[in-house]
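Each chain, letter by letter, is given below.
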Amino acid sequence: MRAFASLVTQLGYTRSRNAKVALIADYLRATPDPDRGWALAALTGEADFAAVKSAAVRSMAMERVDPELFRLSRDFVGDTAETVALIWPEMAPPANDLRLADAVDAFAGVSRARAPALLGEYMDRLDSDGRYALIKLATGAMRVGISARLAKTAFAQGFGLDVDAVEEVWHALSPPYASLFAWGEGGPRPDPEGTPYFRPFMLAHPLEDGTVDLADYAAEWKWDGIRIQIVRVGNDTRLFSRGGDDISAAFPDIAAHMPVEGVFDGELLVRGAVQMGEAASFNALQQRLGRKTVSAKMLAEAPAFVRLYDLLIDGTEDLRLMPWSVRRERLEQRMAALPADRFDLSQIIAAQDFDELGRIRDGARDAAIEGVMLKRRDSLYVPGRRVGLWYKWKRDPLSADCVMMYAQRGSGKRSSFYSDYTFGCWTEDGELVPVGKAYSGFSDTELKWLDKFVRQNTLNRFGPVREVEKSLVLEVAFDSIHESKRHKSGIAMRFPRISRLRRDKPAAEADTVQTLKAFIT
Amino acid sequence: MSSAPHWIEPHPHGIFVRPANAWIDPSRPVARALVTHGHADHARGGHEAVWATPETLAIINLRYGRYPGENAVDYGTTLDLNGVKVSFHPAGHVLGSAQIRMEYQGETVVVTGDFKRRPDPSCAPFEVVPCDIFITEATFGLPVFRHPPTSDEIGKLLGMRAAHPDRCVLVGAYALGKAQRVITELRELCYHEPIYLHGALEKMCALYADHGVDMGPLLPVAGTDKDDLRGAIILAPPSALADRWSRRLPDPITAMASGWMRVRARAQQRGVELPLIISDHADWDELTTTIREVAPKEVWITHGREEALLRWCELHQVKARALAMVGREEEEEEA
């Protein structure tokens with residue numbers, strides 16, 4: 001645990017990507033199995049330890065420290081795990097002798113009821129860095145500022161392998177990755193043949209200001225659902241989300257109806273009554289996400305379907321090193337074998353030239369259209385984002401002028417800044433009601449200014465939240481607006497972010513809720 | 001709190017000792033001032049008559065010039081200011097730092113200024129002065145602040161230096177107190193190499209040396225060849241860490257010596273790679289232990305995380321109040 005805790009701590013203070021990669025690579029090389037495998041699982045977010053809830057950790061601390069003192073400390077530190085690690089009383093200098101793998105094994109075998117007590121025993125044995133790492137591990141929320149990709153890169157670099165080769169087999173493996181480390185140390189490449197596993201997605205760059213030639217690029221609609229991969233091997237069908245999570249259980253209406261073996265790439269959508277059976281907004285899809293099981297009522301009310309984009313593997317034949325146009329042709333041929341109510345084909349947009357495509361894009365009012373995808377006709381299916389192959393060309397965001405109402409301290413690096421803002425618009429009665437919350441879109445300089453504004457214009461404090469003088473107008477950009485019964489204003493924004501500070505504009509001239517409702521899709 | 005006016009009057013800009021007609025650490029110019037120590041949030045210019053320890057006066061003279069009327073008061077000497085018996089006692093914060101003890105009509109009040117309890121080779125150790133009213137700071141008044149043993153932190157610094165012989169370790173340390181503390185703590189751990197200084201630290205280090213603090217060999221960064229700084233420990237004021245000044249250094253590892261480094265986000269915000277939790281202020285345990293040892297009838301809290309220390313006092317049935325002093329802790333870097 002000591003080496004892992006030290007790694008977690010050092011990663012927190014290291015800015016350069018290369019230095020982070022080197023730190024992780026050194027750790028993985030120097031640490032024995034299975035500790036390093038569990039560490040790699042924790043860093044890549046693959047380890048679903050989550051033996052203890054964050055709230056349980058908080059109450060453990062409150063049994064040992066006065067709750068009021070804990071609350072004040074948490075407000076200052078800005079992170080529950082860190083607060084608990086720091087505040088935990090040390091009776092004697094801790095032995096610091098816990099092994100990572102032993103802790104993982106123990107948490108895997110412990111009941112939910114007994115887990116907090118076990119965590120408490122371990123905490124007493126560790127110093128504050130150790131306690132911090134252990135809490136992060138036990139609650140399943142590492143968030144140490146590195147991506148899964150970076151951890152895999154570090155593994156690949158540490159053992160002289162190609163990171164894309166690692167990615168290719170990654171999702172067929174599970175912690176503590178004994179076969180992966182064996183491969184790294186000169187053993188055979190793990191062979192996942194015969195199991196349905198996730199292949200890394202090909203992704204797109206945003207098309208900034210450029211144009212492309214439609215002779216080289218095919219245009220498709222970019223649908224606002226969930227990008228998924230459908231893998232069928234033998235009789236086993238799995239649905240994977242973008243990060244490789246298996247979401248088959250939440251969508252039996254898809255998983256049970258894929259008759260063709262292979263690997264498909266597509267967009268998961270639901271049909272909406274308002275849309276006359278066509279693709280509904282993301283909001284509708286959201287109702288079905290994150291569920292372990294799904295009720296018959298839901299299956300009937302919001303039936304899912306997949307709009308297919310690509311075919312990666314046809315039967316057992318890997319098409320990924322063939323051009324997009326060839327894969328597309330193969331996909332079109334396969335469509336006849338698929339049930340039409342569950343699977344349809346993403347249509348190619350017919351446009352003479354780029355200008356016409358732009359007009360078609362701007363004219364699209366479909367709730368589930370986010371923009372246009374542009375794919376090089378000769379592009380191979382390569383993992384990740386590659387320059388020049390695929391582009392996403394989103395519709396221009398909508399925007400509204402809103403008034404800042406509340407501000408909350410951020411977490412992590414932003415814990416000393418009021419960086420999360422709730423903003424509102426005017427009702428017909430001249431009342432300001434919250435319409436959304438945003439914590440991005442501004443520069444560091446603007447953040448400093450906003451933080452100062454909040455501190456100098458505080459009306460009330462509610463724990464970490466401050467109510468501010470309703471005087472600052474924020475121009476908020478968002479992708480769309482939906483009806484929402486959960487919000488007093490009756491609307492919810494998708495992807496709101498602060499696009500400009502309108503210090504010049506009086507609050508009374510901000511937009512009305514009525515204006516926003518006109519954007520509802 | 002009692003509504004009858006007390007002879008000690010806390011104001012946002014200082015503590016007024018009415019019978020002595022004198023202010024303690026006033027933040028605006030006054031006729032008569034008692035100054036606990038040389039940091040800018042306690043010692044301001046513009047006063048007419050000032051009472052302080054000789055070291056504090058020397059520091060003030062170096063930083064801000066002279067006052068018209070300067071009265072050097074040694075630790076332990078008792079003065080009489082209009083019937084108020086006043087004495088200065090070591091606070092263990094920086095060179096010359098003092099707690100001010102006052103006795104009037106049978107009641108004793110101690111103002112700590114800023115203080116710490118753990119040993120510091122660069123200044124006299126804190127002395128427990130019993131009193132009725134204990135007026136304390138609470139910079140690190142939250143139970144998450146527990147400063148680790150200083151030798152562990154200095155050990156981290158030496159370890160980082162040893163691991164990167166081609167680079168240098170640049171330590172951000174406040175010019176008055178922290179810089180000299182880091183230097184003397186390094187010497188305690190038998191580090192005898194020259195330590196390199198940013199120009200802004202040179203005069204204060206020389207002042208400490210003049211007062212008998214053994215600093216070992218110190219060299220200016222200015223005029224030193226870049227290659228000679230490889231493997232060196234360099235001290236600079238925190239403001240210089242991200243300044244153009246540091247570009248002359250060989251691939252510096254940025255360190256910072258401060259009690260705030262206990263909180264990850266504080267170190268991350270400053271881009272610190274090597275946080276060193278070394279503070280010249282009492283941590284939570286020191287604050288609470290001190291209140292227990294001094295055992296006053298009342299605790300008044302000048303500045304810092306007063307809410308939490310008030311709560312602790314409530315839990316331990318110690319009468320306490322917060323004074324909401326302004327202008328303190330503006331120089332957070334000093335902590």
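Residues numbered from 1 in each chain as written. Chains lettered and ligands numbered in written order. Predicted model: local features only at pLDDT ≥ 70, side-chain atom pairs only at ≥ 80, totals over all residues.

With that settled, consider the overall build of chain B. Each helix and strand counted, chain B has seven helices and 19 strands in total. Expected size for 335 residues packed as a compact globule is a radius of gyration near 20 Å; at 20 Å, chain B falls within 12% of this value. Expressed along its principal axes, the backbone C-alpha trace of chain B runs to roughly 65 × 45 × 30 Å. Buried positions account for 50% of the 335 residues belonging to chain B. (Helix = DSSP H or I, 4+ residues; strand = E, 2+ residues; numbered from the N terminus. Rg over C-alpha atoms; globule rule 2.2 N^0.38 Å. Buried ≥ 20, exposed ≤ 12 C-beta atoms within 10 Å, placed from the backbone.)

When you go through chain A residue by residue, the secondary structure sums to 19 helices and 21 strands. The C-alpha atoms of chain A give 26 Å as radius of gyration, which agrees with the globular expectation for 521 residues (24 Å, within 12%). Each of the three principal axes of chain A carries a C-alpha extent, and together these read 75 × 70 × 45 Å. Within chain A, the proportion of its 521 residues that are buried is 38%.

What follows is about the domain arrangement of chain B. Residue and element names in this part refer to chain B. What the domain assignment lists for chain B is domain 1 (8-144 + 281-334) and domain 2 (150-276). Here the C-alpha centroids of domain 1 and domain 2 sit 28 Å apart. Listed per partner, the contact involves 20 residues of domain 1 and 20 residues of domain 2. A per-class count over the side of domain 1 that touches domain 2 returns eight nonpolar, five polar and seven charged. (Domains from an automatic or database assignment. Contact = placed C-beta atoms within 7 Å. Nonpolar A, V, L, I, M, F, W, Y, C, P; charged D, E, K, R; others polar.)

Here we take up the interface of chain B and chain A. Listed as interface residues are 19 residues of chain B and, on the opposing side, 21 residues of chain A. Along the lines of polarity and charge, the residues of the side of chain B that touches chain A split into eleven nonpolar, three polar and five charged.

Residue and element names in this part refer to chain B. Reading across from one edge, E1-E2-E3-E4-E5-E6 is the order of the six strands in this open sheet, with mixed pairing throughout. The outermost strands of the open sheet, each flanked by one partner alone, are strand E1 (8-11) and strand E6 (69-72). Neighbour-to-neighbour, the strand axes of the sheet open up by a mean angle of 25°, direction not taken into account. Across three bridges, the pairing between strand E4 (residues 32-34) and strand E5 (residues 49-52) is parallel. Along E5, the bridge assignment pairs Leu34 with Trp51. (Pairing = 2+ DSSP bridges. Axes fitted to C-alpha atoms, helices over the stretch in contact; angles between N-to-C directions.)

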